[in-house]
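Chain by chain, the residues run as shown.
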Amino acid sequence: MFGRFKKPAAAYPTETQWSVAKGERGGRPIFIRRNVSAVSLAGHPEYRFRVGVAVPLNEPDSDGLPNESEMSELNEIEDALCEHFERGQHSLQVLSITTRGMREFVFYTRAPAEIGLALEALRSQVATHELQSYIAEDPKWTVYAQYA
C-alpha cells in the first residue's frame, strides 16, 4: 500500500559528475571538488567507513596551493588511489579538498581492511609525496554532507 513512497535503493554510480567550489577558510583559499553523483550512494549502510588520504604539498605557493608541476603529481596519486580503492566498487571517491599546503582525497568504503592493505602498498609506490591516512566510521556521510 505504501510502496510508492518507499525511498529508492542506493546505487553505486556508473558515471560520475563533479562540481568545483572555491572559498576561504581561515583567510586562506580552499578548493573543493565534490562527486555530485555520489549522492545516489550516500548513507548506504555498506559504505559506512570514510577514508581520508591527506597529501602534504612539497612546494606550496604563498596561498598554500600546489604549483603546476606538483598538480601533475597529485593527479597521478589520485588516479592510483581510485584505481586501487574503487576496484570492484569497494569504495567511491567523493571529495578532493585543497587548502593550507595539503590536498585530501575522501572516499567511502565497504571494505576498510582491503583499503588499509592498498594504502600500505601505495605508500611504497608513491615516491614524490607522503601519504597520511585515516579510516573512520561515518555511516551518515557527515563529511560529504558538510560540503554539499
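Draft legend 1. Inspection of the environment of aspartate 138 at higher detail. Assignment of secondary structure puts aspartate 138 in the loop between strand 6 (132-137) and helix 3 (142-146). Under the relative-accessibility criterion, aspartate 138 is labelled buried at 4%. Considering only alpha carbons, one finds aspartate 138 and glycine 43, 95 residues apart in sequence, at a separation of 8.6 Å. Excluding its chain neighbours within four sequence positions, the residues that come into contact with aspartate 138 are Arg48, Phe49, Arg50, Tyr108 and Val143. Among the polar contacts made by the side chain of aspartate 138, one reaches the side chain of arginine 50 at a distance of 2.6 Å.

Draft legend 2. Focus on the pairing of strand 2 (residues 28-35). In this structure, strand 1 (residues 18-25) lies alongside strand 2, joined through 8 bridges in antiparallel fashion. Counterpart to glutamate 24 in the pairing with strand 2 is proline 29. Between strand 1 and strand 2, which pair antiparallel and follow one another directly, the connecting turn spans 2 residues, one of which, glycine 26, has a positive phi of 60°. Bridge count between strand 2 and strand 4 (residues 91-99): 5 bridges; the pairing is antiparallel. When the bridges of strand 4 are listed, isoleucine 32 appears paired with isoleucine 97.

Draft legend 3. Layout of the layout of surface pockets. Counted as a void, the largest pocket has a volume near 160 Å³. If you go around the largest pocket, the residues you meet are Val20, Phe31, Ile32, Arg33, Leu65, Pro66, Met71, Asn75, Ser96, Thr98 and Arg103. Counting only elements with at least two residues in the lining of the largest pocket, the list comes to strand 2, helix 1 (68-85) and strand 4. Ranked by residues supplied to the lining of the largest pocket, first place goes to strand 2 with 3 residues. Residues belonging to the lining of the largest pocket are distributed by class as follows: 6 nonpolar, 3 polar and 2 charged.

Cut-off values and rules
Residues numbered from 1 in each chain as written. Predicted model: local features only at pLDDT ≥ 70, side-chain atom pairs only at ≥ 80, totals over all residues. Heavy atoms only, no water. Helix = DSSP H or I, 4+ residues; strand = E, 2+ residues; numbered from the N terminus. Buried < 20%, exposed > 50% of the residue type's maximum accessible area, 1.4 Å probe, protein only. Contact = heavy atoms within 4.5 Å. Polar contact = N/O pair within 3.5 Å; in protein donor to acceptor, adjacent residues only side chain to side chain. Pairing = 2+ DSSP bridges. 1 Å grid on protein atoms, 1.4 Å probe; cavity = no way out; pocket = protein on both sides within 12 Å on 5 of 7 lines; lining within 4 Å. Points joined across faces, edges and corners; volume = space filled by probe spheres on them. Nonpolar A, V, L, I, M, F, W, Y, C, P; charged D, E, K, R; others polar.

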